[in-house]
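Structural overview
The primary structure of each chain is shown beneath.
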Amino acid sequence: MDDKRKPAPFTRRQFLRSTTAAGLLAGVQGLFPAFAWNQTGNPVAPRRREGNTDIVDITIERQRMELAGGEAHPITINGSVPGPIIRLQEGRNAVLRVHNRLDEDTSIHWHGILLPFEMDGVPGVSFPGIPPGETFEARFPVKQSGTYWYHSHSGLQEQLGQYGALVIDPAEEDSGTPDYDREYSVVLSDWTFEDPHDVFRKLTVAEGYYNYHKRTVWDLFQDVEQKGWQETWAERTAWGDMRMSSRDMLDVTGAAYTYLINGLGPEANWTGQFRPGERVRLRFINASAMTFFDIRIPGLKMTVIEADGQPVEPAAVDEFRFGVAETYDVLVEPTEDRAYTLVAEAMDRSGMGRATLAPRAGMAAEIPELRPTPGRDLEDMGMGPGMMDMGGGSGSMEGGDGGDMGHGGMGGMGASGPQDWVLNGRKVMHGPDKHGAGAAMVAMNPQYRLSDPGVGLQEVEHKVLTYEDLKARRPYPDQREPEREIELHLTGNMGRYMWSFDGDQFSDADGPIRFHHGERLRLIMVNDTMMDHPIHLHGMWMHLENRHGGLIPRKHTIVVKPGEMLSAQIHADAAGYWFFHCHLLYHLHAGMARVVHVA
Ligand SMILES: [Cu+2]
């Protein structure tokens, strides 16, 4: 197939066109190889048991196959995209043998897994990589349970399909886990027929290349009507100075991507079956390269029971947003004998993934329309007057005293007020000359936003999960107060597609971030950019300080919103070299990464 083909974002109209007749739907299914068309769950990698050790073999290779409605050439694992579910058990030893049948180096990182750093699978940080034709054995004791995943950490291979679910059963039945009758892994991803290196090049050449939602003259008139000329003009000038559109929410959009659920595009409709009255556990994994998804199952309440593999107090929600690399486990209890649509809208509403829960194969329910593209406004981004200091000569935005906490519309504080925020009253420090050219702006007054569901979800009329809803089911044994603080700024220059920490891209950084072995520290992250960044620490937990005292949740990936300041406690109990980075693949590729050295 022609590589230049750009599949259009999935629309309801297209869907109706392709599936009006049930017979046609069956025809679409027929195009897919048996392993991809899966009614009852995903393939599980064969596991060999030897004493107290579980051995799993996986083979990485490039294959031609049907994907996203076209002929594709993805990197497969054991022949499929996503790769098979790897199933392990807490308390046993794992030997994961990765065979490289590519003509280039590869790697597999076991995302969210506590293990010796040499087994972590990051080329150049924790091991040299796996050359073509060779095998790497990751050996480690399994010290945790829950839903995780695995993916390549080499170049842009992850965008080509190299990822899969990793599910770890608890050592013994956990009395706190609600019962369920069946379970499915639900792996979300974003597929493009473009070469990932072309995608990256386009982003560096023209910021907003994939953004087809630029504000229009019509929007201008609406703004003027609502806000008056003066405010509208000030806002537009600010946006212009920042060389950004208020509708840039995702760097790569449905213009380039087809959104896959368990490897199937919206029309192929992955279906998980249930018997009415059963309780079904869905293990959601955001394995995409660049896409934040908003997940709904209209007609069904979802009860969130785990976040990033860790048990949380059950939280009943109608929708949740999850960042790249996060996982959420939810329970649903469909009682009716009918189909339900699982909707996974891209955050910018440029497309959706779609799947179905149904009592029988071939059933389908109504698919909601894509909701309108939300616009970030300056306040919404912690960018109201006095909030942000734009580099590049727009000092006009720096008005006010920086203490204007009460500015309307800040989703952050909610009713409970700022007083119990651990960072309340903190003076934000910026580096010498405000992080240099790598930072186009800095947040002067970053906000608590953990009770804010995020752009586009503040106004919806049903319950949307927020980070403040996450409360650990059990207290972490170590409840020491942090002895030390590290403040880190998430920085970027969209115009030049530079992404960095504290203004320095990976290659310019001054050596690793140092953690002292055994210490407990507080990592403070300040997002100086206008994008959400899912920040991932390898090898150790980040305990997100979301005002739940001894029951703050543990995460491996924390999304930091624009204009947000948040903190996480880290128990630095894992010696070695660990990667720490933004999990947006092209942000990582552009340099938003560091090595953490624990010694
Ligand atoms: Cu990022």
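Residues numbered from 1 in each chain as written. Predicted model: local features only at pLDDT ≥ 70, side-chain atom pairs only at ≥ 80, totals over all residues. Heavy atoms only, no water.

For the protein, the helix and strand inventory stands at five helices and 35 strands. For the protein, with 599 residues in total, the buried portion stands at 62%. Long-range contacts, defined as pairs at least 24 residues apart, comprise 77% of the intrachain contacts of the protein with a sequence gap of at least 6. Carbon and sulfur atoms form 51% of the exposed surface of the protein, whose accessible area is close to 22,100 Å². (Helix = DSSP H or I, 4+ residues; strand = E, 2+ residues; numbered from the N terminus. Buried < 20%, exposed > 50% of the residue type's maximum accessible area, 1.4 Å probe, protein only. Contact = heavy atoms within 4.5 Å. Areas by Shrake-Rupley, 256 points an atom, 1.4 Å probe, with all protein chains shown as cover.)

Attention shifts here to the packing of aromatic side chains. Think of a pair of aromatic rings as described by two things: how far the centres are apart, and how the planes are tilted against each other in angle. On inspection of all chains with the given rule, the structure shows 20 aromatic pairs. With centroids separated by 5.4 Å and ring planes inclined at 80 degrees, the aromatic side chains of Tyr184 and Trp270 adopt a geometry described as edge-to-face. In this pair, Tyr184 sits in strand E12 (residues 182–191) while Trp270 sits in strand E14 (residues 270–273), placing the two residues 86 residues apart along the sequence. By relative accessible area, Tyr184 is classed as buried at 4%. Ring geometry for Phe200 and Tyr586: centres 6.2 Å apart, planes at 25 degrees, overall stacked. Linking Phe200 in helix H3 (residues 196–205) with Tyr586 in helix H5 (residues 585–589), this pair joins segments that are 386 residues apart in sequence. One exposure class covers both Phe200 and Tyr586, and it is buried. Put simply, the rings of Phe200, Tyr497, Trp499 and Tyr586 pair up and form one aromatic cluster. (Phe/Tyr/Trp six-rings, centres within 6.5 Å; stacked < 30°, edge-to-face > 60°.)

Here the focus is unusual backbone geometry. Cis geometry marks the peptide bond from Val81 to Pro82; its omega dihedral reads -10 degrees. Residue placement: Pro82 occurs in the loop between strand E5 (75–77) and strand E6 (83–89). Here Ala68, not a glycine, exhibits a phi torsion of approximately 55 degrees, which is positive. Tracing the backbone through its elements, the reader meets Ala68 in the loop between strand E3 (65–67) and strand E4 (70–72). Look at Ala68 and you get buried, because its relative accessible area is 11%. The phi dihedral of Ala325 falls on the positive side, at around 85 degrees, and the residue is not glycine. We classify Ala325 as buried; its relative accessible area is 0%.

A word on the coordination of the copper ion. Taken together, the protein ligands of the copper ion are His533 (ND1), Cys582 (SG) and His587 (ND1), with distances of 2.0 to 2.1 Å. Sequence spacing of the donors to the copper ion: H-x48-C-x4-H. A residue pair is termed long-range when its members are at least 10 positions apart, and His533 in strand E29 (residues 533–537) and His587 in helix H5 qualify at 54 residues. Residue classification places His587 among the buried positions, given a relative accessible area of 0%. (Donors = N, O, S within 2.8 Å, 3.2 Å for Na, K, Ca; no water.)

This paragraph deals with H3. All buried positions along H3 are accounted for by Pro196, Val199, Phe200, Lys202 and Leu203. Buried residues of H3, seen end-on, are gathered within an arc of 160 degrees and therefore sit on one face of the element. Those residues of H3 that are buried are in contact with H5. Capping the start of H3, Asp195 holds a side-chain oxygen 2.7 Å from the backbone nitrogen of His197, two or three residues further along. (Arc of directions from axis to C-beta. Polar contact = N/O pair within 3.5 Å; in protein donor to acceptor, adjacent residues only side chain to side chain.)

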